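So you can see what is in the structure, the chains are spelled out below.
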Amino acid sequence: SSGINAELPLRPGKMMRHPQLTYQTHADGDPPKEYHYWARSRVARNKWLFADPKRRSHKELFSKFLKGTGAERVKTNLKMQIVDGTPSLLWDLAGWDRRYPKADEPPYSNGDLIHSVTPDAKIIGILRDPIDRLYSEYLYFWLKKSEVRTPETFHTEVVKEVLFFNSCLTSNKLRSCCYPSRAMNTVKIRLELGIYVCFVQDFLEAFGTNLLILTLEEYHLHPVDILTTVFNHIEVSVPEDLQKFIEDSKTGNTNTGLKNEVGDILPKTKQILSDFYGPYNSQLALLLQNSKYLFNS
């Protein structure tokens, strides 16, 4: 099987067009691709989660998809694999401190939860330079808010959040500070999400060699090689003309135009973030035995 998945509507992502991968589409019911099940809708961590019929229906539709359409597609083609592309799986354990008030750090990770149910699952993590990730998020995620966002306002938020995180470390373990317990929609930058070593180590302990960690930078430089590695990791066929497969796919979630309009990160801000993330990048490079995870820090 080396063609394009004709049964499912074309999506921006390259992987989602593979004929041996299936996912929940709009036709099956929202949400497509990103189920947010393990980290969010699985637990009633907020009253609004189940008070909102739309959010409640997300979990119900996901369950219905797994038992219905998804199951039928796998039965029809035993090489078919169901994909969950939820980015927050890596870091979102919000509410752990309320569920376990006596714990000094999260007693489990989302990796532990997934492994307990599907121990043979293949996990892929694509990491971006944490400084670039943070600035891009600042510009992209809160785009609809009316306040002005500039390199100067970003600098102010960075200074505030670095002080907040370092203060947290004075009386708490690293994992306790990395897995945010405060509502993420109340902050303008999510500094802790770039401390990848904390999250990767948890998933590595759960999945071992079934975990594949890549960088966004190497994917942009060598897309054919990286996608070949990915397809081999999840044990699906590599498309015969992979270069054309890539070229025919669209790239989603780009905010290059916005960044050009707002301007680059200030040098002094970049230095603060380099000093902050540098030690954690070094720990990640040591954990994975590869200097590419230093991200030039």
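The structure this text deals with has already been given above.
Residues numbered from 1 in each chain as written. Predicted model: local features only at pLDDT ≥ 70, side-chain atom pairs only at ≥ 80, totals over all residues. Heavy atoms only, no water.

**Focus on the overall build of the protein**
- Check the secondary structure of the protein and you find 15 helices and four strands.
- Burial statistics for the protein: of 297 residues in total, 44% are counted as buried.
- Taking the intrachain contacts of the protein between residues at least 6 apart in sequence as the baseline, contacts between residues at least 24 apart amount to 67%.
- Counting only carbon and sulfur atoms, one obtains 54% of the accessible surface of the protein, whose full area is about 15800 Å². (Helix = DSSP H or I, 4+ residues; strand = E, 2+ residues; numbered from the N terminus. Buried < 20%, exposed > 50% of the residue type's maximum accessible area, 1.4 Å probe, protein only. Contact = heavy atoms within 4.5 Å. Areas by Shrake-Rupley, 256 points an atom, 1.4 Å probe, with all protein chains shown as cover.)

**Notes on the packing of aromatic side chains**
- Enumeration over the complete set of coordinates arrives at nine aromatic pairs.
- Taking the centre distance of 5.9 Å and the plane angle of 75° together, the rings of Y100 and Y108 count as edge-to-face.
- Accessibility expressed as a relative area gives 36% for Y100, which makes it partly exposed.
- With a centroid separation of 5.1 Å and an interplanar angle of 50°, the aromatic rings of Y138 and F154 are classed as tilted. Of this pair, Y138 sits in helix α7 (residues 130-140) while F154 sits in helix α8 (residues 151-169), and the two are 16 residues apart along the sequence. As far as burial versus exposure is concerned, Y138 and F154 are alike and both buried. (Phe/Tyr/Trp six-rings, centres within 6.5 Å; stacked < 30°, edge-to-face > 60°.)

**Some thoughts on the state of the cysteines**
- Tallying each qualifying case throughout the model produces one disulfide.
- The disulfide bridge from C168 ends at C177, spanning 2.1 Å between sulfur atoms. The sign of the S-S torsion, about -95°, decides the handedness of the disulfide formed by C168 and C177: left-handed. Accessibility assignment for this pair places C168 and C177 in one class, buried.
- Counting only cysteine sulfurs, C198 is the nearest neighbor of C178, a cysteine outside any disulfide, at a range of 3.7 Å. (Disulfide = S-S within 2.5 Å.)

**Some points on the pairing of strand β3 (residues 123-127)**
- Of the two faces of β3, the one holding I123, G125 and L127 is buried and the one holding I124 and I126 is not buried anywhere.
- Summarising the sheet, β3 and strand β4 (residues 211-215) pair through five bridges and their orientation is parallel. Bridging from a neighbouring strand, I126 pairs with L214 of β4. (Pairing = 2+ DSSP bridges.)

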